[in-house]
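# A look at the structure
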There are 2 protein chains.
Amino acid sequence: MQHNFHDMYRSHNCGELRSSHINNTVTLAGWVQKVRDKGFVVWIDLRDRYGITQLIFDEERTSKSILEQAQKLGREFVIQVEGTVIERASKNPNIETGDIEILVSKLTVLNEAILPPFTIENQTDGGAELRMKYRYLDIRRDPVKNNLIFRHKVAQEVRNYLSKQGFIEVETPYLIKSTPEGARDFVVPSRMNPGQFYALPQSPQTFKQLLMVGGMDKYFQIVKCFRDEDLRADRQPEFTQIDCEMAFVEQEDVLNAFEGLTRHLLKVINDVTVDKFPRMTFDEAIKRYGNDKPDIRFGMEFGELNAVSQHKDFNVFNSAELVVGIAVPGGNSFTRKEIDKLTDWIKRPQIGALGMVYCRCNEDGTFKSSVDKFYDQEDLSKWAELTGANKGDLICVLSGDTNKVRSQLSALRMELADRLGLRDPKVFAPLWVIDFPLLEWDEETERYHAMHHPFTSPKPGQLEMLDTDPGSVKANAYDLVLNGNEIGGGSIRIHDKETQSLMFDHLGFTKEEAKAQFGFLMNAFEYGAPPHGGIAFGLDRLVAILGGQETIRDFIAFPKNNSGRDVMIDAPSPVDNEQLSELSLKLNLKA
Amino acid sequence: MQHNFHDMYRSHNCGELRSSHINNTVTLAGWVQKVRDKGFVVWIDLRDRYGITQLIFDEERTSKSILEQAQKLGREFVIQVEGTVIERASKNPNIETGDIEILVSKLTVLNEAILPPFTIENQTDGGAELRMKYRYLDIRRDPVKNNLIFRHKVAQEVRNYLSKQGFIEVETPYLIKSTPEGARDFVVPSRMNPGQFYALPQSPQTFKQLLMVGGMDKYFQIVKCFRDEDLRADRQPEFTQIDCEMAFVEQEDVLNAFEGLTRHLLKVINDVTVDKFPRMTFDEAIKRYGNDKPDIRFGMEFGELNAVSQHKDFNVFNSAELVVGIAVPGGNSFTRKEIDKLTDWIKRPQIGALGMVYCRCNEDGTFKSSVDKFYDQEDLSKWAELTGANKGDLICVLSGDTNKVRSQLSALRMELADRLGLRDPKVFAPLWVIDFPLLEWDEETERYHAMHHPFTSPKPGQLEMLDTDPGSVKANAYDLVLNGNEIGGGSIRIHDKETQSLMFDHLGFTKEEAKAQFGFLMNAFEYGAPPHGGIAFGLDRLVAILGGQETIRDFIAFPKNNSGRDVMIDAPSPVDNEQLSELSLKLNLKA
């Protein structure tokens, strides 16, 4: 990267001076990171985005007034200095400018600073709330600053890669139409159209499909999307998608195109080479990992034990729909107390298991289980076989209703992998999960919902099953999973009006509702829609994972808290009545 | 650009086959642009994003069933064909694939199409409203499609150039805080915080300043912004900015950095080389062109004629604050009728002049004016001198209140330049307009407003004049003008709390209001804010001008109409009462 620092305030930045600059006269500007005042000599660490350069002021070589001025500087003062690059007496090999320092001949305070509410250091003493409130100070810290620069780099790579592949970035509108399907929309009252509202997009889904109808062929956009959801941990009401769509493609084309993108990112961002990504059906992922976004960096695959555990008198297992276990590598070393704690962990309401059966795999080939009363060594050896347990492992077995128990065991598997250090952030294991169900049953509304969205096409030949066995219909839908996180998901879309209309029927839309909400899309399908499909990546999550972290908030410049508030600017906030009246609105607060 | 078309539906696109492909078997997919049916032979133009390829079906070489199938195809049907590339009997030099055609051996209709409401041709029969309603069909047309691709190219160049210069693209939030300063905000009710609202950003102004406080040093973002304004022609409620900010800079640094960007764009996008951009003060621009965004591709500069026109008995001039004229090159050829029409034009209410005095500059060196009763040849020769009129020109003179008459004459100057073809879209004349006033008087509210925004810094040493002569204070504010359009504007910001607080005082904010709305920014200034400044470009306008056009709507994929409506998706629209109730809102419609 070329930087031009021959601007008015500085000749160089704080990260670029080296031995080769010795004897040069330079001007630097930045923040006072640290002052070390020995009385006769003062050292100051001057910081900017690019690094830290040491300044030196001493009795012998610095004028008295400047030395005194330096002694009065506080942390985070903004200063400009002129001076000569000299060799350091004691070099610091930990920073790139560690061979030199600046003997200062002129010092200007550009702005003073009061004491920051937390230390501007890599390890800060500031808590999460405080750092959010003063996010502009938090961004001065390397970990946050570097995350934002990292995000920029990833976004640039995405744009350049997709552009080279012939994708066109098209900006779709933010003020669109509210549709009750999917999550809740944020709405925007229209002053010019009283009583009417725009909605902020949950995704540019329909617009990208219209671009395909419009012949744009290959589209992408890095775009903000909005969901008014009750926020779970690490969700944001506004988030960024890499939104993509292609015409004249089948699933294979989309998978290849975006496997290419992901492989490129892993290579240039992480210097990791990954071959062909493995693929797994949704059903298989659920069966083997209890989860549709399995982390395959490690094993601990599910072994189903019904056949080898329901032939004895143990009623807990006999009455269970599913008995399923995992082998924890080296888990035999867990103490009884540790195992009890693990059992407590899965019994927490968030997980909700009723209990856990375990079986130690001793080094001598024998087994010792918590249910030895019911099972003999031969039984237990079959458990070991089906869970892939070796000597020294611990088999953990849960039982109950299939869906619940899978999800509980999946949580346990992830928790154990974390504890055992099996989730190495430097290892990347992408996986395509394919053949998702088209519909999922919603207990609350007692009807089927589109699992992906209502524009997803069913697998060829399965349309008929919509009437007889809707839950079994598979979709041309796929997720890209990376290290146990869904980083992207997409589908081949419906592109003809009849199928789309049929889908809306099955999703419980009346003809009128479908027309009011998606009429423009169904109309568009009458004018020659090409076969098309696409994918959307969650950029926040993708960047966090590539950055070796799992918390997206650390990769967002100005995130909101779990109540959807920006605590720095204090938003949302009340607006005055005049403004509401202009919008033809009144507050309707519950008492 | 590399395109990979070895996907499921096609081996090549419709723009890439050449003589070198003759005898290859290929698969293409696209839209039926045109069917020419001679009975024994059918030609079809097959279109996709990349071009048009001719298909041929004939009695001799095509099976009867396929020929008949081809004869039934309608315009905009989506088809897939397999066939052999053959040499065309009569080549078409106008298209890149004009040397070849495809002898079709297999034809699949991928989707039928009903008759489009307008022709999908470069010159269409569709009116503006109809094309907006069916924008997805309009995008199939080359002019619109190419504009969108052009826009993508410009945005990519901007991102790559700024990234290379060390700028970091940082995404700032869309759900922010409402501030009554500036234009009207769009607001977003918060369900989780009843009675409270987010606002959509009019620009990321405060966030980019906070990023400077946070040490990001060089920031940019291509970002949607929102203004709830009564829409003038060619304004959009949502628009796109290239938003930029730099720390440790003075005005000169910002001008140089973004002159570099603009020069780069002109070079790579338009292949136009421009040297150092000229600079002009705001006062000079107003005096010479009556306008703060003068088009300097042509002359017709203002000549102020008070001294040579107010010494006679012509009361219209004598009572005027300003008498000012321009010389219209070759304007002596205008007939009396044409001049009368011009006079009618400037008397239209939109312009509002009371009349126009003219003076013909004859080829023989004599003058003939509409006010010969009052002025002799010597007077008129001075008018010619001051307006720079040559033989064969026409001098047009307006008089009245200075501000009004300048704006009227500026409109006349632009209109005449259009009529005379002096505004060549292939010529690019950038200009920096600098030294804008800090404040402007608002007649309606009877107070001063920030001309740029309340964060703009006054010129050094002029702070004191805020009390004595606020209207004369100049700001460190600048606009980049291209061909008579403001394409960018910015300023050096205030970076200390005291000056910012003083500015809010002068803008009529109480301390409480300033704190409630901008407290977070003024707080931030206490923790070591660096000197900083920036600029924002209107991407829609920039792209249109680089594309040789002036209407931004043609460069936006899905624009809104003048009532802020998206007529394609029919937004905004009513939402149901349940949704309003969740948002703690009620409609308050006027009867």
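Residues numbered from 1 in each chain as written. Chains lettered and ligands numbered in written order. Predicted model: local features only at pLDDT ≥ 70, side-chain atom pairs only at ≥ 80, totals over all residues. Heavy atoms only, no water.

### Re the pairing of strand β13 (residues 322-328) of chain A
Residues and elements named next belong to chain A. Quick reminder of the rule: When a residue's accessible area, from a 1.4 Å probe over protein chains only, is under 20% of the maximum for its type it is buried; when over 50% it is exposed; and in between it is partly exposed. Put simply, DSSP marks the helices as runs of H or I at least four residues long and the strands as runs of E at least two long, and each gets a number from the N terminus on. Strands are treated as partners if at least two bridges between them are detected by DSSP.
A large share of β13 lies buried, amounting to seven of its seven residues. Burial of β13 is two-sided: the residues L322, V324, I326 and V328 facing one way and the residues V323, G325 and A327 facing the other way are all buried. Relative to β13, strand β12 (residues 303-304) is paired through two bridges, and the arrangement is antiparallel. Along β13, the bridge assignment pairs E304 with V324. Bridge analysis of β13 against strand β16 (residues 394-400) gives seven bridges, and the strand direction is antiparallel. Counterpart to V328 in the pairing with β16 is L394.

### Observations regarding the pairing of strand β14 (residues 357-361) of chain A
All names here are of chain A. Taking burial as the measure, the five residues of β14 include five buried ones, the bulk of the element. Across the two faces of β14 the burial is the same, with V357, C359 and C361 and Y358 and R360 all buried. With three bridges joining them, β14 and strand β15 (residues 367-369) adopt antiparallel strand pairing. Residue pairing for β15: R360 is matched across the bridge by K368. Hairpin remark: β14 followed by β15, antiparallel, with five residues in the connecting loop; positive phi at G365, about 90°.

### Remarks on the relation of the copies chain A and chain B
What counts, and what does not: What sets the superposition is a least-squares fit of C-alpha atoms, and only residues with pLDDT of at least 70 in both copies go into it. In this description, contact between two residues means that some pair of their heavy atoms is separated by no more than 4.5 Å.
If you rotate chain A by 180° and push it 0.0 Å along the axis, it lands on chain B with an RMSD of 0.0 Å. Put plainly, the chains are arranged around a two-fold axis. Taken together, the interface assignments show that 100% of the residues at the interface of chain A recur at the interface of chain B, consistent with an identical surface on both copies.

### Some remarks on the packing of helix α5 (residues 205-213) of chain B against helix α14 (residues 511-524) of chain B
Residues and elements named next belong to chain B. Applied cut-off: Axis geometry follows a simple rule: fit a line to the C-alpha atoms, using only the stretch in contact for helices, then measure angles between N-to-C directions, giving values from 0 to 180 degrees. Relative orientations are named as follows: roughly parallel for angles under 35 degrees, roughly antiparallel for angles over 145 degrees, roughly perpendicular for angles from 65 to 115 degrees, and oblique for any other angle. By convention, the crossing between two helices is left-handed when the near helix turns anticlockwise from the far helix through less than a right angle, and right-handed when the turn is clockwise. For this scheme, ten residues count as nonpolar: Ala, Val, Leu, Ile, Met, Phe, Trp, Tyr, Cys and Pro. Four count as charged, namely Asp, Glu, Lys and Arg, and the remainder, Gly too, count as polar.
Packing of α5 against α14 leaves a shortest axis separation of 10 Å and a crossing angle of 20°. What the angle tells us is that α5 and α14 run roughly parallel. When the axes of α5 and α14 are compared, the crossing they make is left-handed. For the pair formed by α5 and α14, the contact residues are T206, Q209, L210 and V213 on the first element and F518, F520, L521 and A524 on the second. Classifying every residue of the contact of α5 with α14 gives six nonpolar, two polar and no charged.

### Remarks on helix α15 (residues 539-546) of chain A
The periodicity of an α-helix, 3.6 residues per turn, causes residues three or four positions apart to be oriented the same way. Residues and elements named next belong to chain A. A large share of α15 lies buried, amounting to seven of its eight residues. Every buried residue of α15 is listed here: L539, D540, L542, V543, A544, I545 and L546. Of the residues one or two after α15, G548 is the one with positive phi, at around 75°.

### Observations concerning the domain arrangement of chain A
How we decide: In this entry, domain limits derive from an automatic or database-based domain assignment.
When its domains are assigned, chain A resolves into domain 1 (19-111), domain 2 (146-279 + 431-555) and domain 3 (298-422). Centre-to-centre, using C-alpha coordinates, domain 1 of chain A lies 61 Å away from domain 3 of chain A.

### Focus on the environment of L380 of chain B
All names here are of chain B. Locating L380 in the fold gives a position in helix α10 (residues 377-387). Each C-alpha atom, one on L380 and one on C361, is 9.1 Å from the other, the two residues being 19 residues apart in sequence. Filtering out sequence-adjacent residues up to four positions away, L380 remains in contact with C359, F367, S369, D372 and Y375.

### A few points about the pattern of salt bridges
Test applied: Salt-bridge detection follows one rule: a side-chain nitrogen of Lys or Arg within 4 Å of a carboxyl oxygen of Asp or Glu.
Using the criterion set out here, one finds 95 salt bridges over all chains in the structure. Where E304 of chain A meets R406 of chain A, a salt bridge forms, and the shortest distance between an N and an O atom there is 3.1 Å. Of this pair, E304 of chain A sits in strand β12 while R406 of chain A sits in helix α11 (residues 402-419), and the two are 102 residues apart along the sequence. Accessibility expressed as a relative area gives 29% for E304 of chain A, which makes it partly exposed. A salt bridge links K91 of chain B to E87 of chain B; its shortest N-O distance comes to 2.7 Å. Overlapping salt bridges, with partners in common, bring together D295, R297, D418, R423 and E550 of chain A in one network.

### Quick word on the sheet that holds strand β3 (residues 51-58) of chain A
All names here are of chain A. Strands sit in the order β1-β2-β3-β5-β4 around a closed barrel of five strands; the barrel is mixed. The mean angle between the axes of side-by-side strands here comes to 55°, regardless of whether they run parallel or antiparallel. Bridge analysis of strand β1 (residues 25-37) against strand β4 (residues 78-87) gives seven bridges, and the strand direction is antiparallel. Within the sheet, the bridge partner assigned to T25 lies in β4 and is T84.

### Points about the interface of chain A and chain B
Note the cut-off: When two parts are put together, the accessible area they lose, computed with a 1.4 Å probe and summed over both, is reported as buried area. Between N or O atoms, a polar contact is any pair within 3.5 Å; within protein, one atom must be a potential hydrogen donor and the other a potential acceptor, and residues adjacent in sequence are included only when both atoms are from side chains.
Facing the 136 residues of chain A at the interface are 136 residues of chain B. Summed over both partners, the interface of chain A with chain B comes to about 11,900 Å²; 58% of that surface belongs to carbon and sulfur atoms. Among the residues chain A hides against chain B, the three largest losses belong to E171, F248 and Y527 of chain A. Together they make up 7% of the total. Connecting chain A to chain B are twelve salt bridges. Salt-bridge contacts for R151 of chain B lead to E171 of chain A; the nearest nitrogen and oxygen are separated by 2.8 Å. The interface formed by chain A and chain B includes 74 residue pairs in polar contact (both at pLDDT 80 or more). Sort the elements by how many residues they give to the side of chain A that touches chain B and helix α4 (residues 142-164) of chain A lands first, with ten residues. Split by residue class, the side of chain A that touches chain B holds 70 nonpolar, 31 polar and 35 charged. Taken together, the three bridges between strand β23 (residues 585-587) of chain A and strand β23 (residues 585-587) of chain B define a ladder with antiparallel strand orientation. Looking across to β23 of chain B, one finds that L587 of chain A is bridged to L585 of chain B.

### Some remarks on the side chain of H12 of chain B
Tracing the sequence through the fold places H12 of chain B in the segment before β1 (25-37). There is a polar contact of 2.8 Å between the side chain of H12 of chain B and the side chain of S11 of chain B.

### Looking at the sheet that holds strand β12 (residues 303-304) of chain B
As a general point, the strands of a sheet are linked pairwise by backbone hydrogen bonds and lie either parallel or antiparallel. All names here are of chain B. An order of β12-β13-β16-β14-β15 is seen for the five strands of this open sheet, with the pairing classed as antiparallel. The open sheet terminates on both sides in strands that have one partner only, identified here as β12 and β15 (367-369). Sheet strands in contact with helix α9 (residues 336-347) are β14 (357-361) and β16 (394-400), and its direction is about 145° off that of β14. Against the sheet, α10 makes contact with β12, β13 (322-328), β14, β15 and β16, and its axis sits at roughly 95° relative to β15, the strand it touches most.

### Here we look at the environment of R75 of chain B
Residues and elements named next belong to chain B. Note on placement: R75 falls in the loop between α1 (64-71) and β4 (78-87). We classify R75 as partly exposed; its relative accessible area is 35%. With 39 residues separating them in the primary sequence, R75 and I114 have C-alpha atoms 8.1 Å apart.

### Looking at the packing of aromatic side chains
Note on aromatic pairs: each is described by the distance of the centres and the angle between the planes. Just so we agree on the cut-off: Between the rings of Phe, Tyr and Trp (Trp by its six-membered ring), a pair exists once the centres lie within 6.5 Å; its type follows the angle of the planes, with under 30 degrees stacked, over 60 edge-to-face, and the other angles tilted.
Within the structure shown, the criterion is met by 53 aromatic pairs over all chains. Arranged with centres 6.0 Å apart and planes meeting at 50°, the rings of F317 of chain A and W383 of chain A form a pair that is tilted. Taken as a pair, F317 of chain A in helix α8 (residues 315-318) and W383 of chain A in helix α10 (residues 377-387) lie far apart in primary sequence, 66 residues in all. Residue F317 of chain A shares its accessibility class with W383 of chain A, and that shared class is buried. Look at F509 of chain B and F518 of chain B: their rings are 6.1 Å apart centre to centre, the planes differ by 65°, and that puts the pair in the edge-to-face class. Per residue, the accessibility class of F509 of chain B equals that of F518 of chain B, and both read buried. Members of the aromatic cluster, joined through ring pairs, are F314, F317, F374, Y375 and W383 of chain A.

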